[in-house]
Amino acid sequence: MNEDTADSLLKGAPDTRDYFAEMYVAGVLADAGWDVYFPRRDRGFDMIISRPLEASTVIRPVQVKGKYATDGKTNKAAYGYVGKLSAFHDEMILAIPYFTSESAAAPLMIAWMPRGELRPHSRGWKCQPARFLDGAPTPRPGYNHFFGNPGLMRFEVATGISIL
């Protein structure tokens with residue numbers, strides 16, 4: 001494929017890489033031992049995850065909202081997702097992968113946020129577990145437990161359906 005062909009294929013592509021963020025999060029979840037299921041039509045949750053736990057199965061719906069900082073991004077005391085969400089569930093996960101212009105191949109970190117951390121906002125909902133300082137996102141004080149493996153492990157509690 002020559003450069004002109006590649007450029008023509010990218011015309012009309014979105015400025016953000018939402019699908020890439022969803023697939024990256026799905027890969028992290030699969031690596032952590034979750035089974036990942038994608039809806040036939042995306043009308044709400046980006047994926048449903050499950051994993052066996054003792055005599056039951058943990059099931060969680062997941063929405064992914066990537067954050068894509070550019071070179072000109074200024075410092076922010078609170079940084080995360082603000083906007084509309086297409087579906088809600090008490091056991092849902094809002095996964096927020098944080099990218100920068102230098103980390104476009106993989107997010108610097110992922111916040112794994114429970115439904116209880118979503119707050120109403122004039123533009124829909126907000127969930128801002130990070131801050132943006134000196135060109136990079138970092139967890140806000142008091143929010144470290146929502147990031148990385150510790151954040152994801154919080155969802156491995158016994159809720160779901162019994163498998164008899």
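These numbers were taken from a predicted model, which means no experiment stands behind them.

> I'm lost on the overall build of the protein chain in this one. Help?
Check the secondary structure of the protein chain and you find three helices and 11 strands. Helices (α) and strands (β) of the protein chain occur, in sequence order from the N terminus, as α-α-β-β-β-β-β-β-β-β-β-β-α-β. Residues counted as buried form 35% of the 164 residues belonging to the protein chain. At a minimum sequence separation of 6, the contacts of the protein chain that also span at least 24 residues come to 59%. Counting every atom, the protein chain has about 9,500 Å² of accessible surface; 52% of that belongs to carbon and sulfur.

> Would you explain the environment of Ala78 in this entry?
Relative to the helices and strands, Ala78 resides in strand β5 (residues 76-83). In this structure Ala78 comes out as partly exposed when scored by relative accessible area, which is 29%. Setting aside residues up to four positions removed in sequence, Ala78 forms contacts with Gln128, Ala130 and Arg140.

> Hey, could you run me through the packing of aromatic side chains in this one?
Aromatic ring pairs are defined here through the distance separating the ring centres and the angle between the ring planes. Tallied over the full model, the rule gives eight aromatic pairs. Seen in terms of ring centroids, Phe20 and Tyr24 are 6.2 Å apart; in terms of plane orientation they differ by 45°. Their pairing is tilted. Taken together, the residues span about one helical turn, with Phe20 and Tyr24 both in helix α2 (residues 18-31) at a distance of four residues. On the basis of an interplanar angle of 50° and a centroid distance of 5.5 Å, the ring pair of Tyr79 and Tyr98 is categorised as tilted. With Tyr79 in strand β5 and Tyr98 in strand β6 (residues 93-99), this residue pair connects regions lying 19 residues apart in the sequence. By relative accessible area, Tyr79 is classed as buried at 4%. Taken together, the aromatic side chains of Phe20, Tyr24, Tyr68 and Phe99 make up a single cluster linked through ring pairs.

> How should I be thinking about the pairing of β6 in this particular structure?
Taken residue by residue, a regular strand's side chains alternate between the two faces of the sheet. Buried residues dominate β6, accounting for seven of its seven residues. Side chains Ile93, Ala95, Pro97 and Phe99 project from β6 onto one buried face, and the interleaved Leu94, Ile96 and Tyr98 project onto a second face that is buried too. Direction of pairing for strand β3 (residues 56-64) relative to β6: parallel, over a ladder of three bridges. In the sheet register, Val64 faces β6, and the bridge partner there is Ala95. In the sheet, strand β4 (residues 67-68) pairs with β6 via two bridges, with the strands oriented parallel. Looking at the pairing, Tyr68 lines up with Phe99 of β6.

> Looking at this structure, how should I read the layout of surface pockets?
In this approach, a probe sized like a water molecule rolls over the atoms, and the result shows the empty space that is left. Considered as a void within the structure, the largest pocket measures approximately 260 Å³ in volume. As for the largest pocket, its lining consists of 18 residues, and the residues nearest its centre are Asp18, Val64, Lys65, Gly66 and Tyr81. When residues in the lining of the largest pocket are grouped by element, the largest group, three residues, is from α2. Broken down by class, the residue content of the lining of the largest pocket amounts to six nonpolar, five polar and seven charged.

Criteria and thresholds
Residues numbered from 1 in each chain as written. Predicted model: local features only at pLDDT ≥ 70, side-chain atom pairs only at ≥ 80, totals over all residues. Heavy atoms only, no water. Helix = DSSP H or I, 4+ residues; strand = E, 2+ residues; numbered from the N terminus. Buried < 20%, exposed > 50% of the residue type's maximum accessible area, 1.4 Å probe, protein only. Contact = heavy atoms within 4.5 Å. Areas by Shrake-Rupley, 256 points an atom, 1.4 Å probe, with all protein chains shown as cover. Phe/Tyr/Trp six-rings, centres within 6.5 Å; stacked < 30°, edge-to-face > 60°. Pairing = 2+ DSSP bridges. 1 Å grid on protein atoms, 1.4 Å probe; cavity = no way out; pocket = protein on both sides within 12 Å on 5 of 7 lines; lining within 4 Å. Points joined across faces, edges and corners; volume = space filled by probe spheres on them. Nonpolar A, V, L, I, M, F, W, Y, C, P; charged D, E, K, R; others polar.

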